[in-house]
Amino acid sequence: MPTHQFTYTELTSDKELDSPYFDLLSEAKRITENAYAPYSNFKVGCAVLLQNGIVVPGVNVENASYPVGICAERSALSAALSAYPSEKIRAIAITYQSPKGDNNTPAFPCGMCRQFILECEYKNMQPIPLILGASTGIVYLIETAQHLLPFGFGPNDLK
Ligand code: THU
């Protein structure tokens, strides 16, 4: 029987991250406050680290017409691609603030964002590592967006 599995890293705290990833997650935490989430009160922040060292932020932006809202990941990646279309993405960090208060378990990107990140990874022509953290506590390191969307639909399917 074919199986699919992947390995990821679980750190007990962000203090175990190397400095570029620690800084990236810290920036994601800082900008999470900027989220416009008056309906869910669930604030998400995403920071995209580019090859040139620039960090592009994105937050979730909700809308009274609920489906119109956009997640932090797509917000950040769209901003990064808009401003720096030729710059490779080195990593993205994602974090959130729950209306229930501090949390120590990372949240994973939603399905639509996984598809979006995967497309960015195809364009990037190199893996995009994901750093997932909550306000405190454990941090997940995932090597590539492909691991979050096995058997994903991509450009090759359209050939
Ligand atoms: N949200 C994100 O920003 N990213 C995700 O991957 C999951 C969900 C946002 C969308 C909505 O504004 C709020 O979190 C609650 O679903």
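Asker: Honestly, the pattern of salt bridges in this entry has me stumped. Any pointers?
Answerer: When the charged atoms of two side chains lie near each other, side chains of opposite charge can form a pair. Inspection of the entire model under this criterion finds 3 salt bridges. The closest approach of N and O atoms between Asp14 and Lys29, which form a salt bridge, is 3.1 Å. One end of the pair, Asp14, is in the loop between strand E1 (9-11) and helix H1 (19-32); the other, Lys29, is in helix H1, and 15 residues separate them in sequence. For the salt bridge of Lys43 with Glu33, the shortest nitrogen-to-oxygen distance reads 3.3 Å. Here Lys43, found in strand E2 (residues 43-50), pairs with Glu33, found in the loop between H1 and E2; they are 10 residues apart in sequence, far enough to count as distant. Of the residues examined, Glu33 reaches a relative accessible area of 46% and is grouped as partly exposed.

Asker: What is the right way to look at the sheet that holds strand E6 (residues 139-142) in this model?
Answerer: The pairing of strands in a sheet comes from backbone hydrogen bonds and takes either a parallel or an antiparallel form. A sheet is described by the order of its strands in space; here 6 strands give the open sequence E1-E6-E5-E4-E2-E3, paired in mixed fashion. The strands lining the two open edges of the sheet, one partner per strand, are E1 and strand E3 (55-59). On average, each strand axis in the sheet is inclined to that of its neighbour by 15 degrees, with strand direction left out of account. The sheet contacts of H1 involve E2, E3, strand E4 (89-97), strand E5 (130-133) and E6, and relative to E4 the element is tilted by about 40 degrees.

Asker: Got a minute to help me understand helix H2 (residues 72-83) in this structure?
Answerer: Along an α-helix, residues three or four apart share an orientation, since each turn contains 3.6 residues. If you check H2, its first and last C-alpha atoms are 17 Å apart, about what 12 residues at 1.5 Å a residue would give, namely 16 Å. Three or more residues of H2 are buried, namely Ala72, Glu73, Arg74, Ser75, Ala76, Leu77 and Ala80. As for H2, its buried residues are in contact with E2, E3, E4 and helix H3 (111-124).

Asker: Hey, could you run me through the site of the ligand in this one?
Answerer: Every residue near the ligand is listed here: Ser40, Phe42, Val44, Asn60, Glu62, Cys71, Ala72, Glu73, Pro109 and Cys110. In this structure, an oxygen atom belonging to the ligand sits 2.8 Å away from a side-chain N or O atom of Glu73. Cys110 is positioned with one of its backbone polar atoms (N or O) 2.9 Å from an oxygen atom of the ligand. Here the ligand has 370 Å² of accessible area as a free molecule, and 74% of this is covered by the chains. Taken together, the residues of the shell around the ligand sort by class into 6 nonpolar, 2 polar and 2 charged.

Asker: Help me understand the packing of aromatic side chains in this model?
Answerer: The description of an aromatic ring pair uses the distance of the two centres, along with the angle that the planes make with each other. A full pass over the atoms with the stated rule returns 5 aromatic pairs. With a centroid separation of 5.6 Å and 45 degrees between ring planes, the pair formed by Tyr39 and Tyr66 is classed as tilted. With Tyr39 in the loop between H1 and E2 and Tyr66 in the loop between E3 and H2, the pair connects residues that are 27 residues apart, well separated along the chain. With centroids separated by 5.4 Å and ring planes inclined at 25 degrees, the aromatic side chains of Phe108 and Tyr140 adopt a geometry described as stacked. Taken as a pair, Phe108 in the loop between E4 and H3 and Tyr140 in strand E6 lie far apart in primary sequence, 32 residues in all. Take Phe108: its relative accessible area is 40%, and that puts it in the partly exposed class. Residue class for Tyr140 comes out buried when judged on its relative accessible area of 11%. Through pairs of rings, three or more aromatic residues link up here, namely Phe6, Tyr8, Phe108 and Tyr140.

Conventions and cut-offs
- Residues numbered from 1 in each chain as written.
- Predicted model: local features only at pLDDT ≥ 70, side-chain atom pairs only at ≥ 80, totals over all residues.
- Heavy atoms only, no water.
- Salt bridge = Lys/Arg side-chain N within 4 Å of Asp/Glu carboxyl O.
- Helix = DSSP H or I, 4+ residues; strand = E, 2+ residues; numbered from the N terminus.
- Buried < 20%, exposed > 50% of the residue type's maximum accessible area, 1.4 Å probe, protein only.
- Pairing = 2+ DSSP bridges.
- Axes fitted to C-alpha atoms, helices over the stretch in contact; angles between N-to-C directions.
- Contact = heavy atoms within 4.5 Å.
- Expected span 1.5 Å × (residues − 1).
- Near = heavy atom within 4 Å.
- Polar contact = N/O pair within 3.5 Å; in protein donor to acceptor, adjacent residues only side chain to side chain.
- Areas by Shrake-Rupley, 256 points an atom, 1.4 Å probe, with all protein chains shown as cover.
- Nonpolar A, V, L, I, M, F, W, Y, C, P; charged D, E, K, R; others polar.
- Phe/Tyr/Trp six-rings, centres within 6.5 Å; stacked < 30°, edge-to-face > 60°.

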